[in-house]
Amino acid sequence: MDSNNDEALDIIVTNVVATFRTRCHLNLRKIALEGTNVIYKPEVGKVLMKLRKPMITASIWSSGKIICTGATSEEEAKLGARRLARCLQKLGFKVRFSAFKVVNVLAVCSMPFAVHLVDFTKNNRPIASYEPELHPAATYRIKNLKATVQVFSTGSLTVTGPNVQSVASAVEYIYPLLYECQKPRCK
């Protein structure tokens, strides 16, 4: 494959983690008794609430802080968070949706070639680390994007970052570095 051949890479967002505040105290016992699709965890001091559409799981604390996980886009995370706030309003709490923030995005991507991890790590020594005894992937941290890329020998990438744009930028940034260390695919 030529380096000038522009083949689009599919970046699949698998999880978006977002937080928001309700600006009111929440009675977890009342949510557990009257809410639907809830799991009360009194030993941890939180309630887990699941929504079916969009498919998200929320951790609810009595302070009013809520963490939503499981969305596949930033828009879906916001929609799920707003639906969650509405569910709490219907239970009788004076919830005000505020301080919504996407805190983490997890995505996967597959390169059209396999990667020689030892060469990749040697070429990018201070930033990349590869410990085959501990984990099968090389870890590459991009400080300015606040993104971390796990590179597997098959060419698969797992990218975590603060938002979808930084994840896409991380894949664009690491592609030429991986292209230098490619190995022919096994048949």
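Keep in mind it's a predicted model, so treat the numbers as computed, not measured.

Participant: Can you explain the pairing of strand β9 (residues 138–142)? Please cite residues and give values.
Facilitator: Taken across its five residues, β9 has four buried, putting it largely inside the fold. Both strand β8 (residues 128–130) and β9 contribute to a ladder of three bridges, which runs antiparallel. The residue bridging Ala128 from the neighbouring strand is Tyr140, located in β9.

Participant: Can you tell me about helix α2 (residues 74–90), naming the residues and giving the values?
Facilitator: Spanning 17 residues, α2 covers 25 Å between terminal C-alpha atoms, matching the ideal 24 Å at 1.5 Å per step. Restricting attention to buried positions, one finds in α2 the residues Ala77, Gly80, Ala81, Leu84, Ala85 and Leu88. Down the axis of α2, the buried set is contained in an arc of 140 degrees. They therefore lie on one face. Along α2, exposed side chains directed more than 90 degrees from the buried face belong to Glu75, Arg82 and Lys90. On its buried side, α2 packs onto β1 (11–21), α1 (28–34), β3 (46–51), β4 (56–61), β5 (65–71) and β6 (98–110). Just past α2, the residue Gly92 takes up positive phi, approximately 105 degrees.

Participant: Tell me about the sheet that holds β9, residues and numbers included.
Facilitator: Ordered in space as β2-β3-β4-β5-β1-β6-β11-β10-β9-β8, the 10 strands form an open sheet in which the pairing is antiparallel. Two strands bound the open sheet, and with one partner strand each, they are β2 (38–41) and β8. With direction set aside, neighbouring strand axes in the sheet form an average angle of 15 degrees. Examined bridge by bridge, β4 and β5 share four bridges and lie antiparallel to one another.

Participant: Describe the nonpolar core, and please don't skip the residues or the numbers.
Facilitator: By size, the foremost hydrophobic cluster in this structure holds 52 residues, and its most contacted members are Ile31, Ile60 and Phe120. At eight residues, helix α4 (residues 164–180) tops the list of elements feeding residues into this core. When neighbours within four sequence positions are excluded, Phe120 is seen to be in contact with Val115, Ala128, Ala138, Tyr140, Val151, Ile174, Leu177, Leu178 and Cys181.

Participant: Give me the packing of aromatic side chains: which residues, what numbers.
Facilitator: Applying the stated criterion across every chain, the model contains seven aromatic pairs. Residues Phe120 and Tyr140 carry aromatic rings whose centres are separated by 5.8 Å and whose planes lie at 45 degrees to one another, so their mutual orientation is tilted. Of the two residues, Phe120 is situated in helix α3 (residues 117–123) and Tyr140 in strand β9; the sequence distance between them amounts to 20 residues. Within the aromatic cluster, the residues linked to one another by ring pairs are Phe20, Phe97 and Phe100. Across the ring face of Phe93, the terminal group of Lys30 is positioned such that the distance to the ring centre comes to 5.3 Å. Of note, Arg82 hangs over the ring of Phe97, and the distance from its end group to the ring centre comes to 5.0 Å.

Participant: Provide a residue-level description of unusual backbone geometry, including the pertinent values.
Facilitator: Cis geometry marks the peptide bond from Lys53 to Pro54; its omega dihedral reads -5 degrees. Within the element layout of this structure, Pro54 appears in the loop between β3 and β4. A positive phi angle is found at Asn37, which is not glycine, with a value near 55 degrees. For Asn37, the location among the structural elements is in the loop between α1 and β2. Of the residues examined, Asn37 reaches a relative accessible area of 40% and is grouped as partly exposed.

So, how was this worked out
Residues numbered from 1 in each chain as written. Predicted model: local features only at pLDDT ≥ 70, side-chain atom pairs only at ≥ 80, totals over all residues. Heavy atoms only, no water. Buried < 20%, exposed > 50% of the residue type's maximum accessible area, 1.4 Å probe, protein only. Helix = DSSP H or I, 4+ residues; strand = E, 2+ residues; numbered from the N terminus. Pairing = 2+ DSSP bridges. Expected span 1.5 Å × (residues − 1). Arc of directions from axis to C-beta. Contact = heavy atoms within 4.5 Å. Axes fitted to C-alpha atoms, helices over the stretch in contact; angles between N-to-C directions. Core = buried A, V, L, I, M, F, W, Y, C linked by side-chain atoms within 4.5 Å. Phe/Tyr/Trp six-rings, centres within 6.5 Å; stacked < 30°, edge-to-face > 60°. Lys NZ or Arg CZ within 6 Å of the ring centre and 35° of its normal.

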